[in-house]
Amino acid sequence: MSQLKWTELTGSNGIMYANVRGDLTGKAPYEAFVLFPAGRDNPTHHHTQSLPTVVVQGTFYAVIDGKRTEYPAGSFYDLPAGLVHESGCVAGMNCLLFQYQSGGFDLVTK
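Each chain has its residues counted from 1, running along the sequence as written. With pLDDT at 70 or above as the cut-off, local features in this predicted model cover only qualifying residues; side-chain atom pairs require 80 or more to be listed or tallied, and sums for whole chains, interfaces and linings still use all residues. Values shown for side chains rest on all heavy atoms present in the structure; no hydrogens or waters enter the calculation.

(A) Inspection of the overall build of the chain at higher detail. When helices and strands are tallied, the chain shows 0 helices and 11 strands. By the criteria applied, helices consist of DSSP H or I runs no shorter than four residues and strands consist of E runs no shorter than two, each listed in order from the N terminus. From first element to last, N terminus to C terminus, the chain shows the α and β order β-β-β-β-β-β-β-β-β-β-β. The globule rule puts the C-alpha radius of gyration for 110 residues at 13 Å, and the 13 Å found for the chain is close to it. Along the first, second and third principal axes, the C-alpha atoms of the chain reach 40 × 30 × 25 Å. Within the span of the chain, comprising 110 residues, buried residues form 37% of the whole. Relative to all contacts within the chain whose residues are 6 or more apart in sequence, the contacts with residues 24 or more apart total 62%. Using the Shrake-Rupley algorithm and a 1.4 Å probe, accessible areas are obtained, with residue cover drawn only from the displayed protein chains. Working note: accessible area of the chain is about 6200 Å², and carbon and sulfur atoms make up 54% of it. C-alpha atoms define the radius of gyration in this analysis, and the globule rule sets the expected value at 2.2 Å times the number of residues to the power 0.38. Throughout this description, buried means an accessible area under 20% of the type-specific maximum (1.4 Å probe, protein chains only), exposed means over 50%, and partly exposed covers the range between. What makes two residues a contact is simply this: any of their non-hydrogen atoms within 4.5 Å.

Right under this line is the structure:
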């Protein structure tokens, strides 16, 4: 067993990640924990591949076509590739997420 190594995602204003397999910032498949500060919002964006996510702590949300859906701890969601949305962590508690993809993570802003 080894301890997770937490690294700040470059240019993210405090979003941290810890790789489990592969590298979230690479081009190959990865599995990683992501720590999202409470109250932190992402701008409108999409991902070039689907983004399966398990919410371990806190409440994460996504706004799709003007409809906000909240995902409390214990939730699973899978955002399809190319789906334009906003997302973030509800204020009050940091969000701990587990994410995995077949290639490196990306966030493409409008």
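Alright, that's what it looks like, and here's the rest.
(B) A look at the nonpolar core. With 18 residues, the main nonpolar core has L24 and F60 as its most contacted residues. Elements supplying a minimum of two residues to this core: strand 3 (30-36), strand 5 (51-57), strand 6 (59-64), strand 8 (76-79) and strand 10 (95-101). Residues in contact with F60, not counting those within four places in the same chain, are F36, V55, T69, E70, Y71, Y77, S87, G88, C89, C95 and L97. Side-chain atoms within 4.5 Å link the members of a nonpolar core, which is a set of buried Ala, Val, Leu, Ile, Met, Phe, Trp, Tyr and Cys residues.

(C) Structural view of the pairing of strand 5. The sheet contact formed by strand 5 and strand 8 spans 4 bridges and is antiparallel. Considered in strand 8, the bridge of P52 is made with D78. For strand 5 and strand 10, the ladder comprises 4 bridges, and the chain directions are antiparallel. Bridged to Q57 within strand 10 is L96. In this description, strands pair whenever DSSP reports at least two bridges between them.

(D) Expanded view of the sheet that holds strand 10. Strand order across the open sheet formed by 6 strands is 1-2-3-10-5-8, with antiparallel pairing between neighbours. Two strands close off the open sheet at either side, each with one partner strand: strand 1 (7-8) and strand 8. Relative to strand 2 (residues 16-21), strand 1 runs antiparallel, the two being bridged by 2 bridges. For T7, the partnering residue across the bridge sits in strand 2 and is Y17.

(E) Spotlight on the packing of aromatic side chains. Any two of the Phe, Tyr and Trp rings considered here, Trp counted by its six-membered ring, make a pair once their centres fall within 6.5 Å; the pair's planes then place it as stacked at under 30 degrees, edge-to-face at over 60, or tilted in between. Summed over all chains, the structure comprises 5 aromatic pairs. When the centroid spacing of 5.0 Å and the interplanar angle of 85 degrees are considered together, the rings of F36 and F60 count as edge-to-face. Pair noted here: F36 is in strand 3 and F60 is in strand 6, with a separation of 24 residues, a long-range link. Take F36 and F60: they sit in the same class, and that class is buried. What links up through ring pairs into an aromatic cluster is the set F36, F60, Y71 and Y77.

(F) Molecular detail of the pattern of salt bridges. Any carboxyl oxygen of Asp or Glu that lies within 4 Å of a side-chain nitrogen of Lys or Arg is treated as forming a salt bridge with it. The final tally for this structure, using the stated rule, is 2 salt bridges. Here E31 ties to R21 by a salt bridge, and the two come within 3.0 Å at their closest N and O atoms. Remark: R21 occurs in strand 2 and E31 occurs in strand 3; sequence separation between them is 10 residues. The class for R21 is exposed, based on a relative accessible area of 54%. A salt bridge links R68 to E70, with the nearest nitrogen and oxygen atoms 3.1 Å apart. Judged by its relative accessible area of 44%, R68 is partly exposed. Accessibility expressed as a relative area gives 45% for E70, which makes it partly exposed.

Functional significance is not addressed by these values, which are geometric in nature.
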